[in-house]
Every structure is written in C-alpha cells, then in structure tokens.
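# Tertiary structure, described
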Amino acid sequence: MSSSLYFLIFFLSIFLLLNRSKPTTISTPITALVLPVQKDGATSLHVTKIQKRTPSLPVPFVVDLNGRSLWVNCEQHYLSSTYHAPRCHSTQCSRANAWYCHTCASPTRPGCHNNTCALTSVNPVTQRRAISELAQDVLSIQSTHGSNPGPGVTVPRFIFACAPSFLLQGGLPKGVQGVAGLGHSPISLPTQLASHFGFQPTFALCLSSSVRNGVIFFGDGPYNLLPGIDVSRPVGHTPLTVSPEGEYYIQVRSIRINGKPVPLNTSLLYMDKHGNGGTMISTTNAYTLLENSIYNAVIKFYANQFYGVPQVKPISPFGLCFDSRNISSTRVGPGVPSIDFVLHNRNVSWRIFGANSMVYTRPGVLCLGFVNAGLRTRASIVIGLHQLEDNLLQFDLGRSSLGFSSSLLFRRTNCANFNFTSTI
C-alpha cells in the first residue's frame, strides 16, 4: 500500500474521530419564559427573584404590573463585571425615552457616572420618585414549554434603571432590591424579553393566594398547572387600554351582585378626556379600590343581597363585615353572593367568587374585600391583588386584549400549581 494511501486513511480516521467527539447542539426557538413569584405575608405584595449581573445573582423584585421599567438599588453592594452605563443621547437612551443627561459628583460606581442618561424610577406604594441612571447588564431567566422550567437563557445587555437606595423605603417587602415593571413601555420586562427572543409581546400573571410560588409566563401558552390542566385558554376576553403612563385599563360598564345590577353613576366607569375614571388593574394595591359613590352603592347593595347573615362591626380598612359562623364553604371560597364586573359587552363579565371577594380579618369575621378610595381618584375602580389571586390574566399587548379565567379553583387547580420542582 502506498504512503499516500496510508496518509489518506490516517487523515480520514482523525477527521471522523474529531467529529464524533464534538457535541451536537440543537438550537430551538425560545417561545416562552417563566418566573416564580411569591406572596409576601407582611405586605400582600408579590416578589420575584431574577438572575442578574456577572457573576449571576438572584435579586428580589416587587412585581409592579404598571411599572415602566425594571429598577434596582445600585448604591449598596452592586458588583458586576458586565455593568454598562450607556452614554447620553445613545440609542439605548432613545429607546428608553431618557433624554436627560446624568451627572454624579460622587466617586464612580454603578448608578454614578457622568454624561450618561437618566430616567425617573418610582416606588409604586409611596409614589416617591427618584432620578436614576440608565444601565445595562446581564439578565438570566428560565425558558419553558409550558409545564415546567427549561434551560436558562440570557439577555446580555438588559436595560434597567440604577436607582438610589432611599427609593426602597416605605411599603415594600423586607429585603427586596427593586421593582420589576410589567407596564406597556419600550424597556419594561415583557417588552424587552419579547423583543430579544422574538416571540409575541404576551405575558400572563397567575398570582398565588398562599405563600407558595405563583407564576409569571412571558410568551404564549400552553400554561400547564398541576394536575395537567392547561389554563392558557381563558374563559373571557376584553379590550385592553393603555394609559399614557403605560398602565393597563379595561372597560367595566356596570357591576352586578347576585346577578342584579347595582345602581350607580356609570359615567364614572368611563375615562374622561383628562384621563380620570375607568378601571385599572394593579398588583401594588392589596384590595380593590372603589371611588366613594361606587363604594357606597356596592356596600349597600351587597348588604341587602346578603340580608340573612348577621353583620358585625367593620374592621378597617373594610366597611362591611359578617359573622362567618353563618357562612358556608364552597369550592370557590365562602358561599356568598357573586360580584360581576360587566365588561365591554354585557354578555362578557369577570365573576368574583367568595375566595376573591371576602377576607378573613380575624376568627369568626369575614369582610367584603373592597376599600373606599375617596372622592378624588384617577381611576374609579382599581382591581387589586386579592381579587386577582388564583385567576389567570393574559396580557396580549400585540392585540390589545386581556384574557381572564375567573377563579381557577373551579377547575380544581390554583396558581401555586406550576411544577417548579422538575425541569425539562
């Protein structure tokens, strides 16, 4: 056998060996992402941990449905080799609508650079505001096919706000380091994730009423909860309106209790030319807030519909409470009159059952979980956390549509039933 033939055989053997030992990577599109979210017992707010920085670190954030960005305290212990502050008038600043040029007299650190761009961060509980440095850093999150978490994926230069530490003071859960904004904004969490991974701008909230993990999905369904129930097909849809501040509103046309219409000033249910009125959805109010006249009408009508159960002295912040010993239990909570928010079409309503309408305030006492917001309110109705828990809400930003399930307890599941204990 000639030397050239030996050389050819040797070359082919080495080539085949190298290619057999090289790992095969199968690239599949990322169509959905998932975050665990947990209720804080002290404040009733919901907190998620997001992997950020280099080296990666789980950072706790309050979930703010209407927040315009993700902001984090950078004054204390922010260490990352991949932190970057975009220069003033850069593309990133334009994307964030941050036109103010930031200066800082303190020593250079994350959140303190000169000739960078700045934006306003807000504590959603106190409404306190602060100028913050626009920044970029690595963000990691787990993918999903709908049933459990999959491999982690990263956004190398996620845009966020680097805020001062005093913004954490007042009303936020202990230990949180910032706020994860889900509002309609170019740099909110849902918008950036959809843009980076190329899926539709859709996200879904499923907040647990217990201290067990609820779930936030980014991207379309399926959204599978144990025992194998796909809750991604909500029972109703209604148009979603966005305020100039990026807040989510829906149209409530009327309110029914026990299937009967509540007499109220319906003009308050519509947003006027100044942006006042209408119905906003919020994850930073523990209970649903009602404008004073709407609240009084609802309380009076509810008491009349539940006349057979003895009332007890109201416990703040509630105005109508009952002796719970005379109230039965059902699959969807206490056996009390249902409340319907009648939406854009009189045949489409969001029904609120006892688990979401009533609050156990102390042994033997159940209170209607709605709060008087007073006379001068921006939104006439603000649907709060207690009414959202164990309901699936899907925000389809591309179609300006809200999908809602009503109580998942009817389907023998709840928002704590996503399987975070196993991975793909």
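The rules we used
- Residues numbered from 1 in each chain as written.
- Predicted model: local features only at pLDDT ≥ 70, side-chain atom pairs only at ≥ 80, totals over all residues.
- Heavy atoms only, no water.
- Core = buried A, V, L, I, M, F, W, Y, C linked by side-chain atoms within 4.5 Å.
- Buried < 20%, exposed > 50% of the residue type's maximum accessible area, 1.4 Å probe, protein only.
- Contact = heavy atoms within 4.5 Å.
- Pairing = 2+ DSSP bridges.
- Helix = DSSP H or I, 4+ residues; strand = E, 2+ residues; numbered from the N terminus.
- Axes fitted to C-alpha atoms, helices over the stretch in contact; angles between N-to-C directions.
- pLDDT = per-residue confidence, 0-100.
- Disulfide = S-S within 2.5 Å.

### Overview of the nonpolar core
By size, the foremost hydrophobic cluster in this structure holds 98 residues, and its most contacted members are Leu189, Phe218, Trp350 and Phe395. Excluding residues that lie within four positions of it along the chain, Phe218 makes contacts with Thr31, Ala32, Leu33, Leu35, Ile141, Leu182, Leu189, Pro190, Leu193, Phe199, Thr202 and Phe203. Judged by nonpolar contacts, the second largest core, of 13 residues, contains Leu225, Leu392, Leu408 and Phe418.

### Observations regarding the sheet that holds strand S30 (residues 381-383)
A sheet is described by the order of its strands in space; here six strands give the open sequence S15-S16-S19-S30-S20-S29, paired in mixed fashion. Here the strands that pair on one side only, and so sit at the sheet edges, are strand S15 (241-242) and strand S29 (370-374). Of the strands in this sheet, strand S20 (288-291), S29 and S30 are in contact with helix H4 (residues 292-305), which crosses S20 at around 105°.

### Some thoughts on the confidence of the model for the protein
Residues with a pLDDT of 70 or more make up 93% of the protein, whose mean pLDDT is 92. Low pLDDT (under 50) marks residues 1-26, which in the prediction has two contacts with non-local residues, meaning those over four places away or in another chain.

### Section: the state of the cysteines
One pass over the full model with this rule turns up six disulfides. What pairs with Cys74 in a disulfide is Cys162, and their sulfur atoms sit 1.7 Å apart. In this structure the cystine formed by Cys74 and Cys162 twists about its S-S bond by roughly -105°; its chirality is therefore left-handed. Here the residue Cys74 occupies a position in the loop between strand S4 (70-73) and helix H2 (91-95), and Cys162 occupies one in strand S8 (residues 149-163), the gap between them amounting to 88 residues. Each member of the pair Cys74 and Cys162 is classed as buried.

### Observations concerning unusual backbone geometry
Gly221 connects to Pro222 through a cis peptide bond whose omega is 10°. In this model, Leu226 is joined to Pro227 through a cis peptide bond whose omega is 5°. Inspection of the secondary structure assignment puts Pro227 in the loop between strand S12 (224-225) and strand S13 (229-230). Located in the positive-phi region is Asn258, a residue other than glycine, with phi close to 60°. The partly exposed category is assigned to Asn258, whose relative accessible area is 38%.

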